[in-house]
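Read off the chains here:
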Amino acid sequence: MAGLFGMDKIRNVAIIAHVDHGKTSLVDQLLRQSGAAAVDPAARVMDSNALERERGITILSKSTSLLHRSHRINLVDTPGHADFGGEVERVLSTVDACLLLVCATEGPMTQTRFVLTKALQRGLKVIVVLNKVDRDSARPGEVDAEVLDLFLGLGCASEEQLEYRVVHASAKEGWALVDPEGSWQDADKSKGVLPLLDLIVDEVPPPKGDRSGPFKMLVTQIENNPFLGKCYLGRVESGTLRPGDAIKSIDTAGNVVVEGRCTKILLRQGLQQFPVEAAGAGDIVSIAGIDGAFVNHTVCSVDVKEGLPFVPVDPPTISMMFFVNDSPLAGQDGKLLTTQLIRDRLIRECEVNPALRLTETSDGFEVKGRGELQMGVLIETMRREGFELSVSPPRVILKAAETMTDDGRKERAVMEPVEEVTIDCDHEHAGGVIEQLSYRKGTMVSYGDLGGRARIMFEVPTRGLLGYPAQFKSDTSGQGVLNHLLKGYFPYRGPIDKPRKGSILSTAAGECTAYALRDIEPRGKLFVTPNTVVYPGMVIGEHSRESDLEVNPVKAKQLTNIRAAGKEETIRLVPADVLGLERLMSYIQDDEVIEITPKAIRTRKSELDPNRRKAAARRGGAVDPRQLELLA
């Protein structure tokens, strides 16, 4: 058929790994050395999102293809952070094998275990790539043994999956050695990463499917094209599709959502996307022509009655409330302000990201997600788009379950999410880390030595990790590495006291003056600098005591016409502690909200009137209605 590759000439491969183990760098080298694209070695072209480049992580999975030995290799780059694990779960349904990247220094980490488990459960063939073997601290022999132990320990690997091939590579330098013998320094690295492409062609099985049957494709990602509208990315499971063919979308419940005709079929190769004449079983393409399908929907021929099976996404663990910004400074920075605009934007986000859940309430919108980072990325994206909004502090989602007591009685218990935490730090910092995590209701599982550094394994409630990464960086002088992964739901471990004190609140509106801040500074830690615009109820610092303190930060020095005998005194202030979005999300108290605008991020009391705040405090404060039914 014109425009179609034979199924025996197609290879679908996903690249999975823990965060910062080199997935995107390896894809760059594969594209450059195969001739698919002119890529700078340090470009990280697959991280096209601005936030991805700033943070140095992959947030959205992306697919591309390249040609090698007359074969089309479809490559899918996946996120490595646990908060975006939903992307990995969906992507694995589109491939037949995966490259498991493992850092030759750190070895298998928490996300390595997660992604490998998902790959083995789907029966995928795994090729292990030990990356960064050229580092002085690399220990490829030990890490190879740790990977084998991981395969055996998971208990879901078949005999065929245990016979995996091992590749030693340096994505940064651009070379790969298949089943090397001896030291990598003595090996021939002149072929670059082409031996890895040869291994993919020889070892990865071609896709299965019947191109003569009805067309079916499971949507794994939605792209917005300015000319074509919504484009639905996925792997064609069966049949063949051409522009002009009638298609429809079937949702997860088996109902027909929308019908229409295919207008374009787009294939990505290298860094470019171009239309093709047809797509058949085994191809990973984007389809345009209908509007109304979502992720995990089946796009198919009109005569198909049932949708394709899909992978259910793990449930969210935290929730946040999104409100309209109603502060005195609302509307000065952003253009997208209303409830309807915020609602439409959150609905669009949930359409492309099924790991998020949206519930509309009388107060605002409750958004549930996998973690602080995922929520922070969503809020930061909306802020850059011009939105103004307020968000509440994150709350852990609790569950109710029935448990059996020792005497055989059923008892209702509250369950909370618990994370498996892996920490690498210097031994001198280990004591402080253990103390902090124990205070946060954590339980130490193991303590070992890894290349002269401590590796500590903990089980910590999700609520105990809220805000801890920022403190962890301070406790380890920026040299520690913290990773966590959801382990499951376990009995509630009791309340955790927040280590922070009360807030310093502004009682006046205007610009802060150095004269006023000088007198406030001894009372606590300031978050604002001179000339910062404030308003009544805004949090400008942390009090040194448990109670809140109300101050006037805009007070100016009274000038007179009497000349002073001495020289004017210079006011010197301690640099303010400017908290970023993710630190604020875990720092603020239950009666506070974060005000998000395109130009500023502020913290304020949810109730700006001081008299109403005092009345609420006398009544005992507000109770979260989302937890009432569990804690009753």
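Residues numbered from 1 in each chain as written. Predicted model: local features only at pLDDT ≥ 70, side-chain atom pairs only at ≥ 80, totals over all residues. Heavy atoms only, no water.

(A) Representation of the sheet that holds strand E9 (residues 229-238) in the model. Reading across the sheet, the 8 strands line up as E12-E11-E17-E8-E9-E16-E13-E14 and stay open at both edges, with antiparallel pairing between neighbours. Here the strands that pair on one side only, and so sit at the sheet edges, are strand E12 (256-261) and strand E14 (272-275). Each adjacent strand pair in this sheet contributes to an overall mean axis angle of 35°, direction not counted. Of the pairings in the sheet, the one linking strand E8 (residues 216-225) to E9 comprises 9 bridges and is antiparallel in character. Among the inter-strand pairings, Leu218 is bridged to a residue of E9, identified as Arg235. (Pairing = 2+ DSSP bridges. Helix = DSSP H or I, 4+ residues; strand = E, 2+ residues; numbered from the N terminus. Axes fitted to C-alpha atoms, helices over the stretch in contact; angles between N-to-C directions.)

(B) Local environment of the packing of helix H4 (residues 110-121) against helix H5 (residues 140-154). Following both chains from N to C, one finds H4 and H5 inclined at 55°, their axes separated by 11 Å at the closest point. Classified by the angle between their axes, H4 and H5 sit oblique to one another. Two packed elements cross with a definite hand, and for H4 against H5 that hand is right-handed. Of H5, the residues touching H4 (which contributes Thr112, Arg113, Leu116, Thr117 and Leu120) are Leu150, Phe151 and Leu154. Of the residues contributing to the contact of H4 with H5, the split by class is 5 nonpolar, 2 polar and 1 charged. (Parallel < 35°, antiparallel > 145°, perpendicular 65-115°, else oblique. Left-handed = near helix turned anticlockwise from the far one by under 90°. Contact = heavy atoms within 4.5 Å. Nonpolar A, V, L, I, M, F, W, Y, C, P; charged D, E, K, R; others polar.)

(C) Spotlight on the pairing of E12. Pairing between strand E11 (residues 246-250) and E12: 5 bridges, direction antiparallel. The residue of E12 that forms the bridge with Ile247 is Gly260. Where E11 hands over to E12, the hairpin turn is made up of 5 residues, of which Gly254 adopts a positive phi near 90°.

(D) Local environment of the confidence of the model for the protein chain. For the protein chain, the average pLDDT comes to 83, and 90% of its residues sit at 70 or higher. Here helix H16 (residues 625-631) stands out as the least confident element of the protein chain, with mean pLDDT 43; strand E21 (residues 389-391) is the most confident, with 92. (pLDDT = per-residue confidence, 0-100.)

(E) The packing of aromatic side chains, seen in detail. Enumeration over the complete set of coordinates arrives at 3 aromatic pairs. An angle of 25° between the planes, with centres 4.5 Å apart, marks the rings of Phe151 and Tyr164 as stacked. Here Phe151, found in helix H5, pairs with Tyr164, found in the loop between helix H6 (159-162) and strand E6 (165-170); they are 13 residues apart in sequence, far enough to count as distant. A residue is classified by how much of its surface remains accessible, and Phe151, at 1% relative accessible area, is buried. The interplanar angle of 50° and the centroid separation of 5.9 Å between the aromatic rings of Tyr468 and Phe472 together place this pair among those described as tilted. (Phe/Tyr/Trp six-rings, centres within 6.5 Å; stacked < 30°, edge-to-face > 60°. Buried < 20%, exposed > 50% of the residue type's maximum accessible area, 1.4 Å probe, protein only.)

(F) The arrangement of the packing of helix H10 (residues 427-439) against helix H12 (residues 468-475) in detail. Running from N to C, H10 and H12 cross one another at 155°; their axes reach a closest spacing of 10 Å. What the angle tells us is that H10 and H12 run roughly antiparallel. For H10 against H12, the interelement crossing comes out right-handed. Contacts from His429, Val433, Gln436 and Leu437 in H10 reach Tyr468, Gln471, Phe472 and Asp475 in H12. For the contact of H10 with H12, the class distribution of residues is 4 nonpolar, 3 polar and 1 charged.

(G) Expanded view of the pattern of salt bridges. Using the criterion set out here, one finds 28 salt bridges in the structure. As a salt-bridge pair, Glu146 and Arg139 come within 2.8 Å of each other at their nearest N and O atoms. On the basis of relative accessible area, Glu146 is assigned to the partly exposed category, the value being 26%. Between Arg463 and Glu416 there is a salt bridge, with its nearest N and O atoms 2.3 Å apart. With a gap of 47 residues between them, Arg463 in helix H11 (residues 462-465) and Glu416 in strand E24 (residues 410-425) connect regions that are remote in the sequence. Members of the salt-bridge network, linked through shared partners, are Asp548, Asp591, Glu592 and Lys605. (Salt bridge = Lys/Arg side-chain N within 4 Å of Asp/Glu carboxyl O.)

(H) A look at the environment of Gly448. Looking at where Gly448 falls in the secondary structure, it is placed in strand E25 (residues 443-450). Among the residues examined, Gly448 registers a relative accessible area of 26% and is labelled partly exposed. Separated by 21 residues in sequence, Gly448 and His427 place their C-alpha atoms 9.9 Å apart. In this structure, Gly448 is in contact with His427, Arg453, Ala454 and Arg455, ignoring residues within four places of it in sequence.

(I) How the structure looks around the nonpolar core. Ranked by internal contacts, the top residues of the largest apolar core, which has 33 residues, are Ile16, Leu100 and Phe151. Within the residue set of this core, elements represented by two or more residues are strand E1 (10-17), helix H3 (85-91), strand E4 (97-103), H4, strand E5 (125-131), H5 and strand E7 (175-178). In this structure, Phe151 is in contact with Leu100, Leu116, Leu120, Val126, Val128, Ala157, Gln161, Leu162 and Tyr164, ignoring residues within four places of it in sequence. Counting residues in hydrophobic clusters, the runner-up holds 30 residues, among them Phe365, Phe387, Ile594 and Ile596. (Core = buried A, V, L, I, M, F, W, Y, C linked by side-chain atoms within 4.5 Å.)

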